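Inside the fold
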Amino acid sequence: RALYTQDDEARVLPKPLAVLADTQQQLGVLRQQVEQEDARIEHRRMVRLGRALLAAFADYKRTRGLADMADLERCALAILRDDELAGWVQERLDVRFRHVLVDEFQDTSPLQWQALHAWLSSYAGAGGGASGQRPPAIFIVGDPKQSIYRFRGAEPRVFAAAAEFVRDGLEGSALACDHTRRNAPEVVAAINGVFGAATDEGAFDGFRAHTTEVEAPKGAVESLPRHPRDPRAARFDPATAVWRDTLTTARLEAEIVLREREAATVAERVVALLARGTAAQEIFVLCRKRETLRLVAAALERRHVAHSAVEDTALAATTEAQDLIAVLDAIVSPAHRLSLARALKSPIFGASDADLLAIAAAASAAGDGDWWRALAAMASPSEPLSRARVLLQRWRAAAAELPPHDLLDRIVGEGELRERTVAVVPAEQRALALDAIDAVLAQALLLDGGRYATPYAFVRALKRRAVKSAPPLRADAVRLLTVHGAKGLEAESVFITDADPERPGTETTTLLVDWPVEAPHPRRCAFVYNEARCPPSLVPLLGDELAAREREEMNALYVAMTRAKERLVFSATEPFQPPLRPSWWQRVQPFALALDVDADAAVKVEGDAAATTSPSTPAAARASLRVLPVRSPAQAQPAAPAQLSLPFDIERPRRRAASTPPPAGDDRARSLGRAVHRFLEWAAGPAAATPPAALAEAAAAEFGVAADAVARHGGAILRHPDGARFFVGPQILWSGNEVAIGDASDVLRIDRLVRIDEAAGPTWWVLDYKLHHRPEELEPYRAQLLRYRGVVERAQPGENVRCAFVTGDGRVVEV
């Protein structure tokens, strides 16, 4: 109203319009200023955020020197704790995320938990997030028994702190599950036995007995014999020592030889499982360290079994990659005679030793020792050398123009590397060889983002650094894994090797970190140069570190055992210095079925198709061989055993049981049954001439039971007129103990299978040992025995098949 004047009516309208236009202009300018100020404020906030990130990154990397992932975690913690930035960041997180799902929480570090807690704690007791919305749903999954990543900073106690926070701070619920759908009852029983005993002795806490959804008993827990170590006095005998020519005779390391024998034992057992129809990809071989897995890989190669290591491996560790890199190195550096020699010997050219000697002689005659010039000047080279001379000169000219990948692609194509490699590599290794070639080509594009534009720089980078590559997963190969690499996976059969390792030496340069999970930062950090000389002030902290290591060792055993769906097999070599605590091998022995091997580590093959199948049999054929190795009447021999075994050594079972504690509870009855089985197996085999008392004592010592009980039950069976005819006498045409037969996807094991010459003609008898007084009255036992008989009837059509229980007092009860 003040804009209007009563004196000059003509200017009443123009004046307000002019002021309005000027005001709009001023508002526009002010709006721009406000927007610019907002932008400056946002810019200053982002600059502050960036500076905080850079400062935290630089400080953390300088003081701790950890990996990039830890640097990012430290930066995230710094942002979420900053007074000015935390609210701004949490508001955006609150708007964006409605559900928070964290899996494998037992592998969380205190640093990660502090960052996560700094965000989630803002919802505790607030009734809503920063935006006034309902707080996000929090769901955390973890199992402290599977925490095996302490080398990455994982702390299993964080899981307990997180569970308490969700339950008390967010009014959540804590749920627990000890039921599995993976493991067979036999595997679950071994897990309960091993970790139940460890809980009783105070070496493991937080364990409750497991149950399984798998109902049919179709699994097994086995232990291959531990390979003994020679006495120290017998390791070196000066009287028999001879000078070794280092150029012609390889050096034999006693430790490596022992490990190779264990690897050979594992490989033989793998071959037996493959012959029984187990798919190769359903077999895992696990170990703590990759050194043992490399020995197992070599043993499997000797038996022509395809295998693959599904974890990252060194690219230069494969022969095919070394050959291809040598070709590239010879092209870009012609003076490198060793690379040129390897390139000529590779499958691309296939030169012989005589060809290399000819080049060396020509280079020496020229006086300069230049192999490349000698190869180019040879008057009458051999066919491989002639081919190499043409291709190498062509590729050297291309190296001046092409990037590494294009040059490698031309070498592989023009040199026919894939075709020539397939021609010289065994069939089971061809896929791995081709994967190694492809990995070298891939690294030409991936290594440091493909920054190496010249072949020379690429070769130098490969030689200077330990480049890792992940081979593709093969569906038809046995998988070799570390225990850490197998976490989260499962297989039908799992081998755990090196289960009785050497005592670890005293650690040096140990980092001790005292970081309670509820504390925002570590209370103490200290480096200990030698744990044997730990300062008194750090002894309690070092004790906590040692206890955490022992707990993680038990966690690793739990992870390894729970990978097996049906079959779990342990192998070991006697350590030079046994560990101070019970090893995996010692803990598992009371709950595992012992297997026999001969002196060459050939596993005793059950009386199934494995006895008649070679490792080189195609996989499809092996899968179909699931019948009994029955002999015709013309080939029948009295009391022929179904297993391949050693001559009886009464001391071997005693040595095996020397360190095995006696069974307890329900396991005692199971161990007594196994001991009686072993007694009858020996008494009806090559050890029949051994006194029964000695056999009973040896069987009892192996399974940790009373010898008089074994002698009482076993002797009653052998002396009873109904049972004796199944073990001794000329009427036995064929016999086998622990005979494995296939029924669909299941592998059944018959205690004793005998072919008897009776009045009605040759008859197959399926015998099942039961020490109970009346086993025929138990319906599960009857159904199992009838199933055995049905499988044998299908395997031997047209022949008479009968079945019976053999009780502990010697009675034979036909069903």
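Predicted, not measured: the structure shown is a model, and the values here were computed from it.

Within the protein chain, the regular secondary structure consists of 27 helices and 20 strands. Taken over 815 residues, the protein chain has a buried fraction of 44%. Sequence-distant contacts, at least 24 apart, represent 71% of the contacts inside the protein chain between residues at least 6 apart. Accessible area for the protein chain stands at about 42000 Å²; split by element, carbon and sulfur atoms hold 55% of it.

Checked against the element boundaries, Phe 204 lands in the loop between helix H6 (185–200) and strand S4 (211–212). With 351 residues separating them along the chain, Phe 204 and Asn 555 place their C-alpha atoms 8.8 Å apart. Sequence-distant contacts of Phe 204, that is, excluding residues within four places in its chain, are made with Lys 145, Phe 195, Ala 198, Thr 199, Arg 551, Met 554 and Asn 555.

Before going further, it helps to examine the packing of aromatic side chains. A full pass over the atoms with the stated rule returns 14 aromatic pairs. Measuring from ring centre to ring centre gives 6.4 Å for Phe 204 and Phe 207, while their planes differ by 65°; the resulting arrangement is edge-to-face. When the ring of Phe 727 is compared with that of Tyr 769, the centres are 6.3 Å apart and the planes differ by 25°; the resulting orientation is stacked. Taken together, the residues span a long stretch of sequence, with Phe 727 in the loop between helix H26 (721–724) and strand S16 (732–743) and Tyr 769 in strand S18 (residues 761–769) at a distance of 42 residues.

What follows is about the side chain of Asp 435. Locating Asp 435 in the fold gives a position in helix H16 (residues 430–446). Of the residues examined, Asp 435 reaches a relative accessible area of 12% and is grouped as buried. Residue contacts for Asp 435: discarding those within four places in its chain leaves Pro 472 and Arg 474.

Where H6 meets helix H19 (residues 539–561), the axes come as close as 11 Å, and the angle between the chain directions of the two elements is 170°. As judged from the angle between their axes, H6 and H19 are roughly antiparallel. For the pair H6 and H19, the contacting residues are Val 187, Ala 190, Ile 191, Val 194, Phe 195 and Ala 198 in the first and Met 554, Leu 557, Tyr 558 and Met 561 in the second. By residue class, the composition of the contact of H6 with H19 is 10 nonpolar, no polar and no charged.

One turn of an α-helix holds 3.6 residues; hence residues three or four places apart share an orientation. Compared with an ideal rise of 1.5 Å per residue, which puts 17 residues at 24 Å, H16 spans 24 Å between its outermost C-alpha atoms and is within 8% of the ideal. Within the span of H16, buried status applies to Ala 433, Asp 435, Ala 436, Ile 437, Ala 439, Val 440, Leu 441, Gln 443 and Ala 444. On its buried face, H16 sits against helix H9 (319–332), helix H14 (404–414), helix H15 (417–424), helix H17 (455–464) and strand S9 (468–469). The first or second residue beyond H16 is Asp 448, which carries a positive phi of 55°.

Leu 324, Leu 344, Leu 392, Trp 395 and Ile 411 are the most contacted members of the largest nonpolar core, which has 47 residues in total. Among the secondary structure elements, those contributing two or more residues to this core are H9, helix H10 (337–345), helix H11 (353–366), helix H12 (371–377), helix H13 (383–399), H14, H16 and H17. Apart from residues lying up to four places away in sequence, Leu 344 is in contact with Phe 349, Gly 350, Ala 351, Leu 356, Ile 359, Leu 385, Ala 388 and Leu 392. The next biggest cluster of nonpolar side chains, apart from the first, holds 37 residues, and it includes Met 554, Ala 556, Ala 560 and Trp 585.

Now for the environment of Gly 736. By the element assignment, Gly 736 lies in strand S16. Along the backbone, Gly 736 and Ala 684 are 52 residues apart, and their C-alpha atoms lie at a distance of 9.4 Å.

Let us look at the packing of H9 against H10. Where H9 contacts H10, the axes come no closer than 8 Å and their chain directions differ by 125°. Of the possible angle classes, the one that applies to H9 and H10 is oblique. The two elements H9 and H10 meet at a crossing, and its hand is left-handed. Across the interface between the two elements, Thr 319, Gln 322, Asp 323, Ala 326, Val 327, Asp 329 and Ala 330 from H9 touch Ser 339, Leu 340, Arg 342 and Ala 343 from H10.

With that out of the way, let us pick up unusual backbone geometry. Residue Glu 104 is not a glycine yet carries a positive backbone phi of 50°. Following the sequence through the fold, Glu 104 ends up in the loop between strand S1 (99–102) and helix H4 (110–120). The residue Glu 416 is not glycine, and still its phi comes out positive at about 55°.

On the surface, a nonpolar cluster with roughly 250 Å² of combined accessible area is contributed by Leu 27, Leu 30 and Val 34. Looking at the secondary structure, you find Val 34 in helix H1 (residues 14–64).

This paragraph deals with the pattern of salt bridges. All chains considered together, the criterion is met by 43 salt bridges. Of the charged contacts, one joins Glu 414 and Arg 410 as a salt bridge, the two residues approaching to 3.9 Å between their closest N and O atoms. Taken together, the residues Glu 414 and Arg 410, both in helix H14 and 4 residues apart, mark about one turn of the helix. You can call Glu 414 partly exposed: its relative accessible area is 31%. Residues participating in the shared-partner salt-bridge network are Arg 150, Glu 531, Glu 545 and Arg 549.

Where burial is concerned, most of S18 is hidden: 8 out of the 9 residues are buried. Strand direction decides the pairing type here: S18 and strand S19 (residues 800–806), joined by 7 bridges, are parallel. Bridge pairing in S19 links Tyr 769 to Val 806.

This part takes up H9. Over its 14 residues, H9 extends 20 Å from the first C-alpha to the last, a length consistent with the 20 Å expected when each residue adds 1.5 Å. Summarising burial for H9: 11 of the 14 residues are buried, a large majority. Within the sequence span of H9, burial applies to Glu 320, Ala 321, Asp 323, Leu 324, Ile 325, Ala 326, Val 327, Leu 328, Asp 329, Ala 330 and Ile 331.

The subject of this paragraph is the confidence of the model for the protein chain. Mean pLDDT over the protein chain: 79, with 80% of residues reaching 70 or higher. Predicted confidence for residues 63–67 stays below pLDDT 50, and this span has 5 contacts to residues more than four positions away or in other chains. Between residues 598–666, whose pLDDT stays under 50, and residues either more than four places distant or in other chains, the model counts 139 contacts.

In this section: the environment of Ala 280. With respect to the helices, strands and loops of the structure, Ala 280 is situated in the loop between helix H7 (254–275) and strand S6 (283–287). Sequence separation between Ala 280 and Val 270 is 10 residues; the distance between their C-alpha atoms is 8.8 Å. With residues up to four places along the chain from it excluded, the contact list for Ala 280 reads Leu 274, Asp 476, Ala 477 and Val 478.

Next up on the list: the sheet that holds strand S11 (residues 491–496). One open sheet accounts for 7 strands, arranged S7-S10-S6-S11-S14-S5-S15; its pairing is parallel. Both outer strands of the open sheet, strand S7 (307–309) and strand S15 (593–594), are each paired with one neighbouring strand and no more. Bridge analysis of strand S5 (residues 220–223) against strand S14 (residues 564–570) gives 4 bridges, and the strand direction is parallel. If you follow Glu 222 over to S14, its bridge partner there is Val 569. Packing against the sheet, helix H8 (residues 290–302) makes contact with S6, S7 and strand S10 (478–482), and its axis sits at approximately 165° to S10. Contacts from H19 reach S6, S11 and S14, with the element oriented near 125° to S14.

So, about the pairing of S10. Along any regular strand the residues' side chains alternate between the sheet's two faces. Taking burial as the measure, the 5 residues of S10 include 5 buried ones, the bulk of the element. What you see with S10 is no split at all: Val 478, Leu 480 and Thr 482 on one side and Arg 479 and Leu 481 on the other are buried throughout. As paired strands, S6 and S10 are joined by 4 bridges and run parallel to one another. Across the sheet, residue Leu 286 finds its bridge partner in S10, namely Leu 481.

What counts as what
Residues numbered from 1 in each chain as written. Predicted model: local features only at pLDDT ≥ 70, side-chain atom pairs only at ≥ 80, totals over all residues. Heavy atoms only, no water. Helix = DSSP H or I, 4+ residues; strand = E, 2+ residues; numbered from the N terminus. Buried < 20%, exposed > 50% of the residue type's maximum accessible area, 1.4 Å probe, protein only. Contact = heavy atoms within 4.5 Å. Areas by Shrake-Rupley, 256 points an atom, 1.4 Å probe, with all protein chains shown as cover. Phe/Tyr/Trp six-rings, centres within 6.5 Å; stacked < 30°, edge-to-face > 60°. Axes fitted to C-alpha atoms, helices over the stretch in contact; angles between N-to-C directions. Parallel < 35°, antiparallel > 145°, perpendicular 65-115°, else oblique. Nonpolar A, V, L, I, M, F, W, Y, C, P; charged D, E, K, R; others polar. Expected span 1.5 Å × (residues − 1). Core = buried A, V, L, I, M, F, W, Y, C linked by side-chain atoms within 4.5 Å. Left-handed = near helix turned anticlockwise from the far one by under 90°. Patch = residues over 30% accessible without salt bridge, like charges linked within 9 Å, V, L, I, M, F, W, Y side chains within 5 Å. Salt bridge = Lys/Arg side-chain N within 4 Å of Asp/Glu carboxyl O. Pairing = 2+ DSSP bridges. pLDDT = per-residue confidence, 0-100.

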